[in-house]
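Commentary on secondary and tertiary structure
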Amino acid sequence: MSDDQTPADSKLTTSKRRWAAEGKFLTGRISRPEAERLPPGQHLVKNWPVLDLGQQPVISTDTWRLEVRGLVETPLILTWTAFQAIEQSNKTSDIHCVTTWSRYDNKWKGVSTRDLLDLAMPKPEAAYVMLTSYDGYTTNLPLSDFAAEDAILATAWEGLPLTPEHGGPMRLVVPHLYFWKSAKWLRRIELMPADQGGFWEKNGYHIYGDPWREQRYSDD
């Protein structure tokens, strides 16, 4: 698939568009106290469900590249070896999917997004990030959220290399937003002056996606 080609529709894509139109999974509760660990409308799982756009690209670490471009002082194109040479971090976080499941205490290893940004040096006018994956998927978020303390470019989960079905060899993890913002198979990070929607944001999903405010769909 070309760099900017929109992913083809799949059964999941069609279902999620219908969920957005119907307001499925909304509980009617605006928020809960942030001291409560489980966001509104969510249920706990022990496994890690797999959701994607109907294809799971298999990317060799020999050919893998991560590009950081846009409003940065130092654009980057990192090979796997160069990415692994960046200081490695370990983080533990909960994750929350818009399809209502949550999983506690996930253990990640990889590169902190802050450490990557230290290398690229965002320009003062950079305020948002667009993420592009190897399957053509895109999603957006504010730069401040991408740079959250617990955000990580993960290459391992629970002590093992991240599997292709879960976004390996590397995916983004931004725990405080719904998990569609944590792009799998990440290949490009572009810093921008203004916000713009990615794939799901253009298909009825919320531009921001805060689980604690139940921002599932565009009118939430």
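Our structure's up above, just so we're on the same page.
Described below are features of the structure shown in this document. (Residues numbered from 1 in each chain as written. Predicted model: local features only at pLDDT ≥ 70, side-chain atom pairs only at ≥ 80, totals over all residues. Heavy atoms only, no water.)

Regarding the pairing of strand E4 (residues 89-96)
Counting buried positions along E4 gives six out of eight residues, so the element sits mostly inside the fold. Where E4 meets strand E5 (residues 101-112), seven bridges bridge the pair, whose relative direction is antiparallel. Counted as the bridge partner of Asn90 is Lys109 from E5. Between E4 and E5, which pair antiparallel one after the other, the connecting turn spans four residues, and Thr100 there sits at a positive phi close to 90°. (Buried < 20%, exposed > 50% of the residue type's maximum accessible area, 1.4 Å probe, protein only. Helix = DSSP H or I, 4+ residues; strand = E, 2+ residues; numbered from the N terminus. Pairing = 2+ DSSP bridges.)

What about the packing of aromatic side chains?
Inspection of every chain in the model, using the stated rule, returns 12 aromatic pairs. Considering the side-chain rings of Tyr178 and Trp180, the 5.8 Å spacing of their centres and the 15° angle between planes classify their relative orientation as stacked. Taking the relative accessible area as the measure of exposure, Trp180 reaches 6% and is therefore buried. An aromatic cluster is built from Tyr137, Tyr178, Trp180, Phe199, Trp200, Tyr205 and Tyr217, whose rings are joined through pairwise contacts. Lying over the aromatic face of Tyr104, Arg37 brings its terminal NZ or CZ to 4.0 Å of the ring centre. The residue whose ring lies beneath Arg187 is Tyr134, and the NZ or CZ to ring-centre distance is 5.1 Å. (Phe/Tyr/Trp six-rings, centres within 6.5 Å; stacked < 30°, edge-to-face > 60°. Lys NZ or Arg CZ within 6 Å of the ring centre and 35° of its normal.)

With respect to unusual backbone geometry
Cis geometry marks the peptide bond from Gly168 to Pro169; its omega dihedral reads 15°. Despite not being glycine, Thr100 has its phi angle at roughly 90°, a positive value. You can see Thr100 is positioned in the loop between E4 and E5. With a relative accessible area of 10%, Thr100 lands in the buried category. Positive phi outside glycine occurs at Met121, with the angle close to 60°. Looking at Met121, the relative accessible area reads 44%, which means it is partly exposed.

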